[in-house]
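# Architecture at a glance
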Amino acid sequence: MEPNWQRQRKDIVSKPIYVTRPLLPDRKELEPLLAEIWDSHILTNYGPLHTRLEDALKHYLDVPQISLCSSGHMALESVLRRMELDGEVITTPFTFVSTTNALIRCGLKPIFCDIRMEDYTLDPDRIEEKITEKTCAILPVHVYGQLCRMDEIEAIADRYGIPVLYDAAHIFGVRWDAGVPLLRGAASVLSFHATKVFHTIEGGAVVTRDATLNRRLELDHNHGICGPEDSLLPGGNAKMNEFQAAMGLCNLNHVEQEIANRAAVCALYTELLADVAGLKLLREQPGVRSNHGYFPVVFLAKENPRDRVFLRLAQNGYYARKYFYPLTCDMTGVRAVCGGDVGPIDTARYVSQRVLCLPLYGDLEPRHVETICRIIRRELQGR
Ligand code: T4K
């Protein structure tokens, strides 16, 4: 049998493999769009490519309107502002810090609520105990592209007469038998960051059924400007520019293939890890076509081998990520504003301390998936 060190040396990759790698179109595809920009000299401020991307996304996402933005974070802030909320917002701490920071930066108080062990989304059974007379909204996250328990969350919100705003940063391309998930609640916010299944380098968008809110968002993203001589509301600058739109138009042609390629990578991970004792994989949600944005595994063993596996993978050139650790409520900047005492959020704490997102992108080679799984099995089973 090969000595252990030789087996380990074989696993080391020459180039690091990160948790993700952005989808990039062939440069030739981008060139005609760049030529249009050079011809028109329109670089930003709702130019022709911006309009084309908006139309293409409305069609792809099956939504009546969309307001593009410079990032997912700015999209989140703009909609929180334009919904004119004031007070406490019930939300999940198991998310990227942007979700929580957006609330704080808009003068709102995040009230952290626990998540479900099944899919790591906000637990509807724990929401009502957090509602007070100051509650003004609920902000759940479709984390890892897993759809929240929207019917249950919205039923509670309706009973108390408060809106639901979804952080939908992870669900681009997720399809659902029961309707268009982005059209649920008051609004949904997408991220088109480079690390997402579909990207515009940086970028994001708000989707809402409410045409008035949509118009106010467009104004908010461009200084409130309604013409050369007036500004209707105190907006800022959160516009998507023409270069971002060009990248988006190219990537949109490939996103279905990217999702299919990612599905194949996830199927291989699942095949190689499904029988590993003490490892929890995401289950497919019934009636949902996943976009395979993330492949989180949760280590259930009492001794919690998460950090050991993380390090062993890194020693071999595989850079998994602890999305989402620490919980946002435990981050220094959030604690400074919200204080440390957030009440019991046991499931969120458990998952956050034990989760690892494995490398995942469409052209991740099967040999890397096999090596990653071999390393995990060896660490967990000693072989
Ligand atoms: N809400 C939720 C639930 C979110 O997850 C996010 C963003 C937002 C809101 C806010 O949306 P944006 O304002 O970002 O549009 C990354 C992303 O920056 C962030 O967009 C994303 N969530 C979050 C989950 O992940 P980091 O700090 O982990 O990124 P970084 O730079 O460490 O990238 C991860 C790996 O990806 C790198 O190790 C290498 C690879 N990579 C990254 C970039 C940027 C590349 O290969 N090329 C690249 O250009 O936050």
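As a reminder, the structure under discussion sits directly above these lines.
Residues numbered from 1 in each chain as written. Predicted model: local features only at pLDDT ≥ 70, side-chain atom pairs only at ≥ 80, totals over all residues. Heavy atoms only, no water.

Turning our eyes to something else, we now look at the environment of P286. Along the chain, P286 turns up in the loop between β12 (279-281) and β13 (288-289). The spatial distance from the C-alpha of P286 to the C-alpha of N222 is 40 Å, given a sequence separation of 64 residues. (Helix = DSSP H or I, 4+ residues; strand = E, 2+ residues; numbered from the N terminus.)

Count 3.6 residues to each turn of an α-helix, and residues three or four apart come out pointing the same way. Between the first and last C-alpha of helix α13 (residues 366-381) there are 22 Å, a value that for 16 residues agrees with the 22 Å anticipated at 1.5 Å per step. All of the buried residues along α13 are H368, V369, T371, I372, C373, I375, I376, R378 and E379. Downstream of α13 by a residue or two, G382 has a phi angle that is positive, lying close to 70°. (Expected span 1.5 Å × (residues − 1). Buried < 20%, exposed > 50% of the residue type's maximum accessible area, 1.4 Å probe, protein only.)

Below, the discussion takes up the environment of L80. If you trace the backbone, L80 turns up in helix α4 (residues 72-82). Considered as a pair, L80 and A187 are 107 residues apart in the sequence and their alpha carbons are 9.7 Å apart. When sequence neighbours within four positions are dropped, the list of residues in contact with L80 reads L85, A102, L103, C106, L108 and L165. (Contact = heavy atoms within 4.5 Å.)

Taken together, 24 residues surround the ligand, and among them D167, H170, S191, R321 and Y323 come closest. Side-chain polar atom of S191 to an oxygen atom of the ligand: 2.8 Å apart, as the coordinates give it. The separation between an oxygen atom of the ligand and a polar side-chain atom of H193 is 3.3 Å. Secondary structure elements with two or more residues in the shell around the ligand: α4 and α5 (97-105). Of the residues that constitute the shell around the ligand, the class distribution is nine nonpolar, twelve polar and three charged. (Near = heavy atom within 4 Å. Polar contact = N/O pair within 3.5 Å; in protein donor to acceptor, adjacent residues only side chain to side chain. Nonpolar A, V, L, I, M, F, W, Y, C, P; charged D, E, K, R; others polar.)

Tracing the chain through its elements places K109 in strand β4 (residues 109-112). Under the relative-accessibility criterion, K109 is labelled partly exposed at 43%. The sequence separation of K109 and G87 amounts to 22 residues, and the corresponding C-alpha distance is 6.1 Å. If near-sequence neighbours (up to four positions away) are discounted, K109 is found in contact with G87, E88 and V89.

At their nearest, the axes of helix α9 (residues 255-273) and α13 sit 10 Å apart, and the two run at 30° to each other. When the interaxial angle is binned, α9 and α13 end up roughly parallel. The interaxial crossing formed by α9 with α13 has right-handed handedness. Contacts between α9 and α13 involve V265, L268, Y269, L272 and L273 on the former and, on the latter, P366, V369, E370, I372, C373, I376 and R377. Among the residues making up the contact of α9 with α13, the classes are represented as ten nonpolar, no polar and two charged. (Axes fitted to C-alpha atoms, helices over the stretch in contact; angles between N-to-C directions. Parallel < 35°, antiparallel > 145°, perpendicular 65-115°, else oblique. Left-handed = near helix turned anticlockwise from the far one by under 90°.)

What follows deals with unusual backbone geometry. A cis amide bond links Y323 with the next residue in sequence, F324, at an omega value of 10°. Along the polypeptide, F324 turns up in the loop between β15 (318-319) and α11 (332-338). Cis geometry is adopted by the peptide bond preceding P326, which originates at Y325 and carries an omega value of -5°. Position of P326 relative to the elements: it lies in the loop between β15 and α11. Even without glycine at this site, H41 takes up a positive phi of about 60°. For H41, the position within the fold is in the loop between α2 (27-40) and α3 (48-61). Phi is positive for N304, which is not a glycine, with a value near 50°. With a relative accessible area of 25%, N304 lands in the partly exposed category.

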